[in-house]
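# Residue-level structural notes
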Amino acid sequence: MSQPYVTEEQAAMTAVRRASQLASSVFNKLVKAETLTKDDKSPVTIADFAAQAVISTILHNAFPTDLIVGEEDASELRSPNNAEEREMRERIISLANEALTSELMLGDNPTWGIGPGTAKSDSEILDAIDRGNYQGGSQGRMWTIDPIDGTKGFLRGDQYAVCVSLIVDAQVHVGVLGCPNLQKNPEHPEEGNGCMFVAIRGQGTRQMTLSGSNPTFVKIPPTNSPESLFLLESVDPSHSSHSFNSTVSNLLKITQPSVRMDSQAKYGSLARSGGIYMRMPTGAGYKEKIWDHAPGSIIIEEAGGVVSDSRGEPLNFGLGRTLGDNFGVIACGKDTHSGVLTAVQQALQEEKSKA
Ligand SMILES: Nc1ncnc2c1ncn2[C@@H]1O[C@H](COP(=O)(O)OS(=O)(=O)O)[C@@H](OP(=O)(O)O)[C@H]1O
Ligand SMILES: [Mg+2]
Ligand SMILES: [Mg+2]
Ligand SMILES: [Mg+2]
């Protein structure tokens, strides 16, 4: 009998590959080539919408009854107010169709609505984006889509990730991360950038190229001493507290500087090279989104690691579009996790006594 979730994994890989190519081409055509004002976010908006349309179309054709929780929704595209917004919508639709109609590659299935001659109408593309409006829940099958995670990294030409997961009865079963700007091999930078991390529950985590070649199993390396440890944190200080992280780092006697990286590329990097992913809330009120952690969490667990919140509770993917009551996210190898939790609790006490 074939292994479970292999077709789901293949559809997710096809979707992530096509969306990653789209995102790279938007970066080359719109960010690098055009002179943008510093605050112009339109390329990332175009790439976000078009990539979600591509991923949602493929997943829906492959699994028509599955529900989808996607970051973006198309309401603002449905009623453009001026010529600029109309042009943006045209661009999104044509980019999505370009990505969907490109030649079939190994593993692509023509019944997934892809390949030459499969262009979709404007309303089919907008409907595909809006199919991501499921509110989530604890039962049944649902996909998560973060078409571009690390939008700020994308605009800077740094790290970003195209992220898809399949959650069944609140447990993540498949996770795929496309990381177009991440080095294939950190020990051999000359090999270039562009990798994909893929995990099915119970079947390990693999890294491969974005086209699916050279798959290799990855494992979080064991930690032998505090000297080999380092934190992985967000670039944006409003997304996770750098100062709290530095307190934890001191408590753990870490000597290496933290590695700052945008997006779930952090989870991919941790799965193969180790480190401690630390994300503590910077203010009350923000609830982490399930699409920002579901694929990364299975990639870590299947690479032999642990993912929890700052209190050691498992991340709860069954409470809707957010992680609900989880407070912060910590991911690392099994051998370091309990020590990190202790240091985090100690740092929280220190913060409290200073307040
Ligand atoms: N206030 C706050 N706190 C915590 N997290 C937040 C916050 N605001 C946004 N976000 C989410 O952070 C996602 C980006 O991930 P990272 O923080 O890991 O990378 S980055 O350094 O910000 O690029 C980012 O994902 P994208 O929107 O897909 O880029 C957001 O979902
Ligand atoms: Mg995100
Ligand atoms: Mg996003
Ligand atoms: Mg966003």
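From a predicted model like this one, the values you see are computed outputs, not experimental measurements.

### What about the site of ligand 1?
In the region of ligand 1, 18 residues are neighbours, and Ser234, His239, Asp262, Lys266 and Asp292 sit closest. One of the side-chain N or O atoms of lysine 266 is found 2.6 Å from an oxygen atom in ligand 1. When isolated, ligand 1 has an accessible area of 640 Å², and the protein chains bury 86% of it. No other element matches the three residues that strand β2 (residues 141-149) contributes to the shell around ligand 1. Grouping the amino acids of the shell around ligand 1 by side-chain chemistry returns three nonpolar, six polar and nine charged. Looking at which domains feed residues into the shell around ligand 1, each of domain 1 (6-204) and domain 2 (226-354) supplies at least three.

### As for the sheet that holds strand β12 (residues 329-333)
The strand order across the open sheet formed by five strands is β9-β8-β10-β12-β11, and the pairing between neighbours is mixed. Of all strands in the sheet, those bounded by a partner on one side alone are β9 (259-260) and β11 (305-308). Where strand β8 (residues 231-233) and strand β10 (residues 276-279) come together, two bridges link them in parallel fashion. Opposite leucine 231, over in β10, you have isoleucine 276 as the bridge partner. The strands that helix α7 (residues 242-251) touches are β8, β9 and β10; relative to β8, the one it contacts most, it runs at about 175 degrees. On top of the sheet, helix α10 (residues 334-354) reaches β10, β11 and β12; it is set at about 145 degrees to β12, its chief contact.

### Overview of the pairing of β2
With eight of its nine residues buried, β2 lies for the most part within the structure. Looking at chain direction, β2 and strand β3 (residues 161-168) are connected through seven bridges and run antiparallel. Residue pairing in the sheet places isoleucine 145 in a bridge with valine 164 of β3.

### Points about the UniProt feature "binding site: Mg(2+)" (unreviewed entry) in the protein chain
If you check UniProt for "binding site: Mg(2+)" (unreviewed entry), the listed places come out as Glu71, Asp146, Ile148, Asp149 and Asp292 in our numbering. In terms of the greatest pairwise C-alpha distance, the residues named above, spread along 222 residues, form a tight cluster of at most 10.0 Å across. Considering the arrangement of structural elements, one finds isoleucine 148 in strand β2. Note on isoleucine 148: relative accessible area 1%, which makes it buried. Setting aside chain neighbours within four positions, we find isoleucine 148 in contact with Ala23, Ala47, Asp48, Glu71, Phe154, Tyr160 and Ala161. Mapped onto the elements of the fold, aspartate 292 is located in the loop between β10 and α9 (294-301). The residues contacting aspartate 292, other than those within four sequence positions of it, are Asp146, Asp149, Gln264, Tyr267 and Tyr286.

### Thoughts on the coordination of the magnesium ion (ligand 3)
Distances from the magnesium ion (ligand 3) to its protein donors, namely Glu71 (OE), Asp146 (OD) and Ile148 (O), fall within the range 2.1 to 2.2 Å. Sequence spacing of the donor residues for the magnesium ion (ligand 3), all on one chain, is E-x74-D-x1-I. The metal-metal distance between the magnesium ion (ligand 3) and the magnesium ion (ligand 2) comes to 3.7 Å, with aspartate 146 coordinating both. Placement of the pair is glutamate 71 in the loop between β1 (67-70) and α3 (75-78) and isoleucine 148 in strand β2, with a sequence separation of 77 residues.

### Some thoughts on the nonpolar core
Formed by 57 residues in total, the largest nonpolar core has its most connected members in Ile55, Trp143, Phe154, Val176 and Met196. Mapped onto this core, the elements with two or more residues apiece are α1 (6-32), α2 (42-62), α4 (83-101), α5 (122-130), β2, β3, β4 (171-183) and β5 (193-200). When residues no more than four places from it in sequence are discounted, the contact partners of phenylalanine 154 are Ala23, Val26, Phe27, Val31, Pro43, Val44, Ala47, Ile148, Gln159 and Tyr160. Ranked by size, the runner-up nonpolar core spans 35 residues in total, among them Cys163, Phe230, Val307 and Phe317.

Thresholds applied
Residues numbered from 1 in each chain as written. Chains lettered and ligands numbered in written order. Predicted model: local features only at pLDDT ≥ 70, side-chain atom pairs only at ≥ 80, totals over all residues. Heavy atoms only, no water. Near = heavy atom within 4 Å. Polar contact = N/O pair within 3.5 Å; in protein donor to acceptor, adjacent residues only side chain to side chain. Areas by Shrake-Rupley, 256 points an atom, 1.4 Å probe, with all protein chains shown as cover. Helix = DSSP H or I, 4+ residues; strand = E, 2+ residues; numbered from the N terminus. Nonpolar A, V, L, I, M, F, W, Y, C, P; charged D, E, K, R; others polar. Domains from an automatic or database assignment. Pairing = 2+ DSSP bridges. Contact = heavy atoms within 4.5 Å. Axes fitted to C-alpha atoms, helices over the stretch in contact; angles between N-to-C directions. Buried < 20%, exposed > 50% of the residue type's maximum accessible area, 1.4 Å probe, protein only. UniProt positions renumbered as here; feature names shortened; annotations may be inferred. Donors = N, O, S within 2.8 Å, 3.2 Å for Na, K, Ca; no water. Core = buried A, V, L, I, M, F, W, Y, C linked by side-chain atoms within 4.5 Å.

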